[in-house]
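Coordinates in review
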Amino acid sequence: MLRIHPHPSMILNANSPRTDHIVYNPPSSAPTPLITPTLFLPKDDPRRRLFAAAAAAPPKPANQLPPPLREPYEKSYHLTLADCKRMRSLRNTDPGRWHRTALAKEFNCSSLFVGMVCQASEERLAQMAFRAEKVKSRWGPKRTIAREDRQKRRAGWGGADGL
């Protein structure tokens, strides 16, 4: 715990309200209409007009927006139950040749969908894990530590239960 005395503006005195109240203590910088909430502005403050003008401004037309990163496309739900069964059988017969990307190209769907329809076998998962461990064994200490740190940060993405 830091042993720093509170700022004088934060100390209650005889004129302070005795019930819960909002303490507005902005950082010491030039005030802008984007920072100061209208709740704390006087009724005749000119910044209120700026807020009203910004809210009434028309939105940007679509022709001024940047181009999309990829062309929009229409989703197709063309695979039948028989196609899904065939996909599973291909994956089970030769998982080395019929990996997710190959099946996605064959059936004209996403690799995510292939993963939902047919998971890799335990043998294939063990084989892929072995290959990954073989690659990781050649890493130096810097890369190993960097990857561990990245995993810790990624674990914290979920919210309060993370880091």
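Before going into details, it helps to say that this report is about the structure given with it. Predicted, not measured: the structure shown is a model, and the values here were computed from it.

Brief notes about the overall build of the protein chain
A tally of regular secondary structure across the protein chain gives 6 helices and 0 strands. Reading the protein chain from its N terminus to its C terminus gives the helix and strand order α-α-α-α-α-α. Rg of the C-alpha trace for the protein chain: 30 Å, well past the compact-globule value of 15 Å for 163 residues, more than 25% over. By the burial criterion, 12% of the 163 residues in the protein chain qualify as buried. A separation of at least 24 residues holds for 27% of the contacts in the protein chain among residues at least 6 apart in sequence. Here the protein chain has roughly 14700 Å² of accessible surface; of this, 59% comes from carbon and sulfur atoms. The distance from the centre of the 28 positive side-chain charges to the centre of the 14 negative ones in the protein chain is 5 Å.

Some points on helix α2 (residues 81-93)
Its 13 residues give α2 an end-to-end C-alpha distance of 19 Å, which sits within 8% of 18 Å, the value for a rise of 1.5 Å per residue. If you check which residues of α2 are buried, you get Cys 84, Met 87, Leu 90 and Arg 91. Each buried residue of α2 lies within a common arc of 125° when the element is viewed along its axis, so the set occupies one face. Relative to its buried face, α2 has exposed residues pointing more than 90 degrees away, namely Leu 81, Ala 82, Lys 85, Asn 92 and Thr 93. On its buried face, α2 is in contact with α3 (100-107) and α4 (111-117).

Concerning the pattern of salt bridges
Within this structure, the stated rule accounts for 2 salt bridges. Of the charged contacts, one joins Arg 86 and Glu 106 as a salt bridge, the two residues approaching to 3.7 Å between their closest N and O atoms. With Arg 86 in helix α2 and Glu 106 in helix α3, the pair connects residues that are 20 residues apart, well separated along the chain. Overall, the relative accessible area of 40% leaves Glu 106 in the partly exposed class.

Some words on a positive patch on the surface
There is a patch of like positive charges on the surface, built from Lys 136, Arg 143, Arg 147, Arg 150, Arg 153 and Arg 154. No other element matches helix α6 (residues 141-155), which puts 5 residues into the positive patch. Among the structural elements, Arg 153 can be located in helix α6.

Parameters at a glance
- Residues numbered from 1 in each chain as written.
- Predicted model: local features only at pLDDT ≥ 70, side-chain atom pairs only at ≥ 80, totals over all residues.
- Heavy atoms only, no water.
- Helix = DSSP H or I, 4+ residues; strand = E, 2+ residues; numbered from the N terminus.
- Rg over C-alpha atoms; globule rule 2.2 N^0.38 Å.
- Buried < 20%, exposed > 50% of the residue type's maximum accessible area, 1.4 Å probe, protein only.
- Contact = heavy atoms within 4.5 Å.
- Areas by Shrake-Rupley, 256 points an atom, 1.4 Å probe, with all protein chains shown as cover.
- Lys, Arg positive; Asp, Glu negative; His and termini not counted.
- Charge placed at Lys NZ, Arg CZ, Asp CG, Glu CD.
- Expected span 1.5 Å × (residues − 1).
- Arc of directions from axis to C-beta.
- Salt bridge = Lys/Arg side-chain N within 4 Å of Asp/Glu carboxyl O.
- Patch = residues over 30% accessible without salt bridge, like charges linked within 9 Å, V, L, I, M, F, W, Y side chains within 5 Å.

These results come straight from atomic positions and should not be treated as a statement about function.
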